[in-house]
Amino acid sequence: MAGKPVRPVNAIDQTRRMLSLVTYLRERPGARIEDVARAFGITEDELVSDLDVLPMCGTSFRGGDLLDIDTDGERIWWHNPAALGADAAEPLRLAADEATALLVAARAVATLPGLRESDRQALLRATAKVETAAGEAAGASSRLSVTFESEGGVFADVDRAIAERRRLWIRYYSPARDEVTEREIDPIRLVSVGHTYVEAWCRRSEARRTFRLDRVAEIRILDEPSAPPEVELRDLSEGLVQPAAEDPEVVVEVGPGGRWVAEYYPHDSADELPDGGLRITLRTPDPASLKRLALRLGRDGRIVEPRELAESARSAAREALAAYDGAGAAG
């Protein structure tokens, strides 16, 4: 198995996944690591990382109440599933700081836009019970508040639309084209690959597309039912960008300072050049998006083929240089 995962993970996604993982493992004693990773759409290393955290969770910090979960490298074993059962030894007792943290978090989640009303009401009822049980400790929590970043609201709307099988309308920023477009999409699933994305069927392009949540400028849940075509879910463990064989071919030549392109972009080949650079052949469904790469490379690289894209990239570079020179002269 490879080393620890290096991709950052969205905290909301990981928390949701680990809660589901507890239920999944309880119902499948001795589950195989590869099967569990496939079921959750993550790598085996990411699963093992989750398993390293679970033994620190439980109904209290007493040894017998923590989850006793381990793995032999092939299968996962849970040695004390009764720790979370109805027969768990003692009722949960919260310290004052624990009660405050729980109440502040619960009230914040209850304000999320897009949260299903039934879930909101259930959360408010549970919050009221904790307030009653916490007594004086609940007073401090009323003086604190938490505000979620905008991505949290988008996430909640997408999650709700998936659960209710409803279509979404979004205004979406595309950095490759530097433009905001309006689209209707039928969401398929939420995925976390460095950032959080919704994989969906885009009604504007009539194709499967992946949208990064923090680039959604505006979102609405529509009354129309979501009806994406039957599509095979991709294995995203190797990354979000996985070019297809039919995608257009692009050839990029980079100098020694641009060799990082071969590490960052999936490619068909990377041939050494006499100056220490590389001639990289790659595929992309949107060749125009590579113009930004050419601008970023500057003197360290250039697009060679197709010719139309190469000329377009050179024109973009000349325009950027002219704009820079004009700004300098004005200053």
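What counts as what
- Residues numbered from 1 in each chain as written.
- Predicted model: local features only at pLDDT ≥ 70, side-chain atom pairs only at ≥ 80, totals over all residues.
- Heavy atoms only, no water.
- Pairing = 2+ DSSP bridges.
- Helix = DSSP H or I, 4+ residues; strand = E, 2+ residues; numbered from the N terminus.
- Buried < 20%, exposed > 50% of the residue type's maximum accessible area, 1.4 Å probe, protein only.
- Contact = heavy atoms within 4.5 Å.
- Axes fitted to C-alpha atoms, helices over the stretch in contact; angles between N-to-C directions.
- Phe/Tyr/Trp six-rings, centres within 6.5 Å; stacked < 30°, edge-to-face > 60°.
- Lys NZ or Arg CZ within 6 Å of the ring centre and 35° of its normal.
- Expected span 1.5 Å × (residues − 1).
- Arc of directions from axis to C-beta.
- Parallel < 35°, antiparallel > 145°, perpendicular 65-115°, else oblique.
- Left-handed = near helix turned anticlockwise from the far one by under 90°.
- Nonpolar A, V, L, I, M, F, W, Y, C, P; charged D, E, K, R; others polar.

A.B. asks: What's the story with the pairing of strand β9 (residues 269-272) in this structure? I'm lost.
C.D. replies: Two faces make up the sheet, and in a regular strand the side chains alternate between them. Strand direction decides the pairing type here: β9 and strand β10 (residues 278-283), joined by four bridges, are antiparallel. Looking across to β10, one finds that S269 is bridged to T281. Linking β9 back to β10 in an antiparallel pair, the connection comprises five residues, with G276 at a positive phi of about 95 degrees.

A.B. asks: I'm lost on the environment of A110 in this one. Help?
C.D. replies: As for its placement among the helices and strands, A110 is situated in helix α4 (residues 96-110). The class of A110 is buried, set by a relative accessible area of 9%. Taking C-alpha positions, A110 is 9.5 Å from A122, a pair spaced 12 residues apart along the chain.

A.B. asks: Where do I start with the environment of L297 in this structure?
C.D. replies: Position of L297 among the secondary structure elements: in helix α9 (residues 291-297). On the basis of relative accessibility, which here comes to 6%, the residue L297 falls in the buried class. Between the alpha carbons of L297 and G257 there is a distance of 8.4 Å; along the sequence they are 40 residues apart. Excluding residues within four positions of it along the chain, L297 makes contact with V252, V254, G258, W260 and V261.

A.B. asks: When you look at the sheet that holds strand β8 (residues 249-254) in this model, what are you seeing that I'm missing?
C.D. replies: Whenever strands of a sheet pair, they do so through backbone hydrogen bonds, lying parallel or antiparallel. Spatially, β9-β10-β8-β11 is the arrangement adopted by the four strands of the open sheet, whose pairing is antiparallel. Pairing within the sheet leaves two strands with one partner each, and these edge strands are β9 and β11 (301-305). For this sheet the average axis-to-axis angle between neighbouring strands, irrespective of direction, equals 20 degrees.

A.B. asks: Got a minute to help me understand the packing of aromatic side chains in this structure?
C.D. replies: The way to describe two aromatic rings as a pair is by their centre distance and the angle between their planes. Taken as a whole and judged by the stated rule, the model has two aromatic pairs. Arranged with centres 5.3 Å apart and planes meeting at 75 degrees, the rings of Y24 and F40 form a pair that is edge-to-face. Linking Y24 in helix α1 (residues 11-26) with F40 in helix α2 (residues 33-40), this pair joins segments that are 16 residues apart in sequence. Look at Y24 and you get buried, because its relative accessible area is 18%. Among the residues examined, F40 registers a relative accessible area of 23% and is labelled partly exposed. With a centroid separation of 5.0 Å and 80 degrees between ring planes, the pair formed by Y172 and F211 is classed as edge-to-face. Here the residue Y172 occupies a position in strand β3 (residues 166-174), and F211 occupies one in strand β6 (residues 207-212), the gap between them amounting to 39 residues. What makes Y172 buried here is its relative accessible area of 8%. A relative accessible area of 3% means that F211 is categorised as buried. A cation over a ring is seen here: R28 above Y24, with NZ or CZ 3.8 Å from the ring centre.

A.B. asks: How should I be thinking about helix α5 (residues 117-134) in this particular structure?
C.D. replies: Every α-helical turn comprises 3.6 residues, leaving residues that sit three or four positions apart pointing alike. Spanning 18 residues, α5 covers 25 Å between terminal C-alpha atoms, matching the ideal 26 Å at 1.5 Å per step. Of the positions making up α5, those classed as buried are R120, T127 and A134. For α5, the angular spread of the buried residues around the axis is 55 degrees, confining them to a single face. α5 presents S118, R125, K129, T132 and A133 as exposed residues on the side facing more than 90 degrees away from its buried surface. Immediately beyond the C-terminal end of α5, within one or two residues, lies G135, with a positive phi of roughly 60 degrees.

A.B. asks: How should I be thinking about the packing of α4 against α5 in this particular structure?
C.D. replies: What describes two packed helices is the angle between their axes and the distance between those same axes. Interaxial distance between α4 and α5 falls to 10 Å at its minimum, and their mutual angle equals 160 degrees. As summarised for this structure, α4 and α5 are arranged roughly antiparallel, according to the angle between their axes. Read as a crossing pair, α4 and α5 show a hand that is left-handed. Here A99, L102, L103, A106, R107, V109 and A110 of α4 lie close against α5, whose contacting residues are R120, L123, L124, T127, V130, E131 and A134. Of the residues that constitute the contact of α4 with α5, the class distribution is 10 nonpolar, one polar and three charged.

A.B. asks: Would you explain unusual backbone geometry in this entry?
C.D. replies: Generally, phi is negative for residues other than glycine and the peptide bonds are trans, each holding for most cases. In this chain, E305 is followed by P306 through a cis amide linkage whose omega measures -5 degrees. In this structure, P306 sits in the loop between β11 and α10 (307-330). One non-glycine residue, R165, adopts positive backbone phi at about 55 degrees. Residue placement: R165 occurs in the loop between α7 (150-164) and β3. Given the relative accessible area of 64%, R165 is considered exposed. For E206, which is not glycine, the phi dihedral falls at a positive 50 degrees. Topologically, E206 is positioned in the loop between β5 (195-202) and β6.

A.B. asks: What is the right way to read the packing of α2 against helix α3 (residues 44-53) from this model?
C.D. replies: Viewed as axis vectors pointing N to C, α2 and α3 meet at an angle of 100 degrees, and their least axial separation amounts to 9 Å. Classified by the interaxial angle, the pair formed by α2 and α3 is roughly perpendicular. Side by side, α2 and α3 meet where I33, E34, V36 and A37 of the first sit next to E44, L47 and V48 of the second. The residue inventory of the contact of α2 with α3, partitioned by class, reads five nonpolar, no polar and two charged.

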